[in-house]
Amino acid sequence: MPRTVTGIDPTVLREEFPALHQVVNGDPLVYLDNAATTQKPRAVLDALRHFYEHDNANVHRGIHELSRRATDAFEAARIRVASWVNAPNASEVVWTRGTTEGINLVAYAWGLSNLRKGDEIVVSVMEHHSNLIPWQLVCGHTGARLRHVDIDDQGRLRLDQLEDVLSDRTRIVSIGHVSNSIGTINPVREIVDLAKTVGALTVVDGAQGAPHLPVDVQALGCDFYAFSGHKMCGPTGIGALWGKRELLDSMEPYQGGGEMISVVRLEESTWAEVPHKFEAGTPNIAGAVGFAAAVDYLEDVGRDAIRRHEVELTRHAMDRLGELPWIRIFGPPEPEARSGVVAFEVEGAHPHDVATILDSEGIAIRAGHHCTQPLMRRLGVSATSRASFYIYNTEAEIDRMVRALHTVHGIFGTHA
Ligand code: 7TS
């Protein structure tokens, strides 16, 4: 894998990503919407194609060669993806559609049978809706109550408030590892330690953690960690939920169907062992294989190199944007305190206009509330513009974005 002395050489690495090599609206594509989803390297595309061309069959069913191969590839993929977060055992990794389904699984499978009126669930004001709505729904079913923790004015979680909110009523603390909107990296280990003092379970929304930071669920000490394949070079429609074995064992399935049973009678049934108990129906087999290929690819690039590269890109973006008095950057001021996410406001311009003008020059960013409406309210805005980076982005691409922002300012700026 090509690298410079300090880490990744993105100009070489991006050769592996076919989608990056296209002209969009007359200019070479600059893809800065990686927090939404990442592009896919050839290794992942090849793994998907190879699976469908050679091994395609349903898993855990047929006694025939292709079914054996598909099952072997599917279970080998589980072991590979489990290793990415240092899960102690691959049987603790449940395949899901993505982070959203992983959090819903915990909310329903654990929450419905364990929560009662008076119990409390704690989230933060910066959660993605995926880590908010499932808890609201389960609170509606059980009478439990949702509490939240604020951020400070630099976008950091208020740990002092978390301490105040926690009590013997707290049953779950569910927190994002990294904010998709402002990039804040939350101190998960400290949060877990605090939650443990009141005996609460901890769920980590790892959608923006697993792709960008070295993650070790055993070192974090959490009970559940959910993440998505598509945000780390893998296919869409596949994700993983890691959970502690004794918890997964104690939980009822939240969907019923084929694959997840042991013995079925007309009146009642018994369940398969974890993780199959939570995998009703034909799973996304090719997706799992592609996800494992993405893990192989990223492992080859190197986790520390990924992190270093993103910090450098973030520093460059924050330095360049910081020079412009008509730009306000949201979130922590230190690049090291964030993942590769930089959200900003251009004075006088609506974020949708910013994104539209950038798009007209082939630059893809996201504008909107980023599925974090409570956070937008807390920041006092209805929307922001967001650039988010990954392994293949370059400083030159950030410079192109900054040049395009000058065009935006020329059109909307008060001195224009
Ligand atoms: N949690 C966080 C922190 C996220 O950033 C996202 C997706 C999700 C959960 C949901 O993941 P999914 O794979 O189940 O959809 N975030 C974004 C985003 O920032 N822009 O588009 C999707």
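Refer to the structure printed above.
Described in the following lines is the structure provided in the data block. Quick caveat, the model's predicted, so the values are computed rather than measured.

Bringing the site of the ligand into the picture now. Around the ligand, a shell composed of 16 residues is seen, among which Thr 100, Asp 205, Gln 208, His 230 and Arg 366 lie nearest. Interatomic distance of 2.7 Å between a side-chain N/O atom of Arg 386 and an oxygen atom of the ligand. For the ligand, the cavity whose grid points lie within 2 Å of the majority of its atoms is the largest pocket. The residue makeup of the shell around the ligand, split by class, is three nonpolar, nine polar and four charged.

This part covers the pairing of strand S9 (residues 224-228). Burial of S9 is extensive: five of the five residues sit out of reach of the surface. Side chains of S9 alternate between two faces, with Phe 224, Ala 226 and Ser 228 and Tyr 225 and Phe 227 buried alike. Note that strand S8 (residues 201-205) and S9 share three bridges and pair parallel. Directly across from Asp 205, in S9, lies its bridge partner Ala 226. Bridge count between S9 and strand S10 (residues 239-243): five bridges; the pairing is antiparallel. By the bridge assignment, Ser 228 is partnered in S10 with Gly 239.

Right, let's get into the sheet that holds strand S14 (residues 341-346). Pairing is antiparallel across the open sheet formed by four strands, whose spatial order is S13-S14-S17-S16. Either end of the sheet is taken by a strand with one partner, and the two such strands are strand S13 (327-330) and strand S16 (366-368). Put simply, the sheet's adjacent strands are angled 30° from each other on average, direction ignored. When S13 meets S14, the two strands line up antiparallel, connected through four bridges. Counted as the bridge partner of Arg 328 is Glu 345 from S14. Strands S13 and S14 of the sheet are contacted by helix H11 (residues 303-322), whose axis makes an angle of about 15° with S14. Running at roughly 15° to S14, helix H14 (residues 395-412) makes contact with S13, S14 and strand S17 (384-388) of the sheet.

This part covers the nonpolar core. Formed by 54 residues in total, the largest nonpolar core has its most connected members in Tyr 225, Phe 227, Met 232, Phe 291, Leu 298 and Ile 391. At twelve residues, helix H10 (residues 285-301) tops the list of elements feeding residues into this core. Beyond its immediate stretch of four places on either side in the chain, Phe 291 contacts Val 81, Trp 95, Phe 227, Ser 228, Gly 229, Met 232, Pro 235, Ile 238, Gly 239 and Ala 240. Of all hydrophobic cores here, the second largest spans 28 residues; its members include Val 342, Val 346, Ala 367 and Ala 404.

Turning our eyes to something else, we now look at the packing of aromatic side chains. For any pair of aromatic rings, the description consists of the separation of the ring centres together with the inter-plane angle of the planes. Scanning all chains against the criterion turns up nine aromatic pairs. Each ring, one from Phe 17 and one from Tyr 297, has its centre 5.7 Å from the other, and the planes form 80°; the classification is edge-to-face. One end of the pair, Phe 17, is in the loop between helix H1 (10-13) and strand S1 (23-24); the other, Tyr 297, is in helix H10, with 280 residues separating them in the sequence. For the pair shown, Phe 17 and Tyr 297 are each scored as buried.

Rules used in this analysis
Note on numbering: residues in each chain are counted from 1, in written sequence order. At least 70 in pLDDT is required for a residue's local features to be given in this predicted model, at least 80 for side-chain atom pairs to be given and counted, and no such filter applies to totals for whole chains, interfaces and linings, which use all residues. Only hydrogens and water are set aside; all other atoms, that is, all heavy atoms of the structure, feed into the side-chain values. Summary of the distance rule: residues count as near a molecule or strand when at least one heavy atom falls within 4 Å of that molecule or strand. Any pair of N or O atoms that falls within 3.5 Å is considered a polar contact. Within protein, one atom must be able to donate a hydrogen and the other to accept it, and sequence-neighbouring residues count only if both atoms are side-chain atoms. Lining residues are those with an atom within 4 Å of a point, where the points come from a 1 Å grid over the protein atoms alone and group into cavities, where a 1.4 Å probe fits but cannot get out, or pockets, open sets with protein on both sides within 12 Å along at least five of seven lines. Cavities and pockets are treated as containing a molecule whenever more than half of the molecule's atoms lie within 2 Å of their grid points. Amino acids are sorted into nonpolar (Ala, Val, Leu, Ile, Met, Phe, Trp, Tyr, Cys and Pro), charged (Asp, Glu, Lys and Arg) and polar (every other residue, Gly among them). Each residue is placed in one exposure class: buried if its accessible area under a 1.4 Å probe, protein chains only, is under 20% of its type's maximum, exposed if it is over 50%, and partly exposed if it falls in between. Per the convention used, a helix needs a DSSP run of H or I reaching at least four residues, while a strand needs a run of E reaching at least two, with both numbered from the N terminus. Pairing between two strands is assigned when DSSP locates at least 2 bridges connecting them. Axis lines are fitted through C-alpha atoms, for helices just across the contact stretch, and the angle between N-to-C directions can take any value from 0 to 180 degrees. In what follows, a contact means two residues having at least one pair of non-hydrogen atoms within 4.5 Å. In these notes, a set of buried Ala, Val, Leu, Ile, Met, Phe, Trp, Tyr and Cys residues joined through side-chain atoms within 4.5 Å is what counts as a nonpolar core. Any pair of Phe, Tyr and Trp rings, taking the six-membered ring for Trp, is counted once the centres come within 6.5 Å. Such a pair is stacked with planes under 30 degrees apart, edge-to-face with planes over 60 apart, and tilted for the rest.

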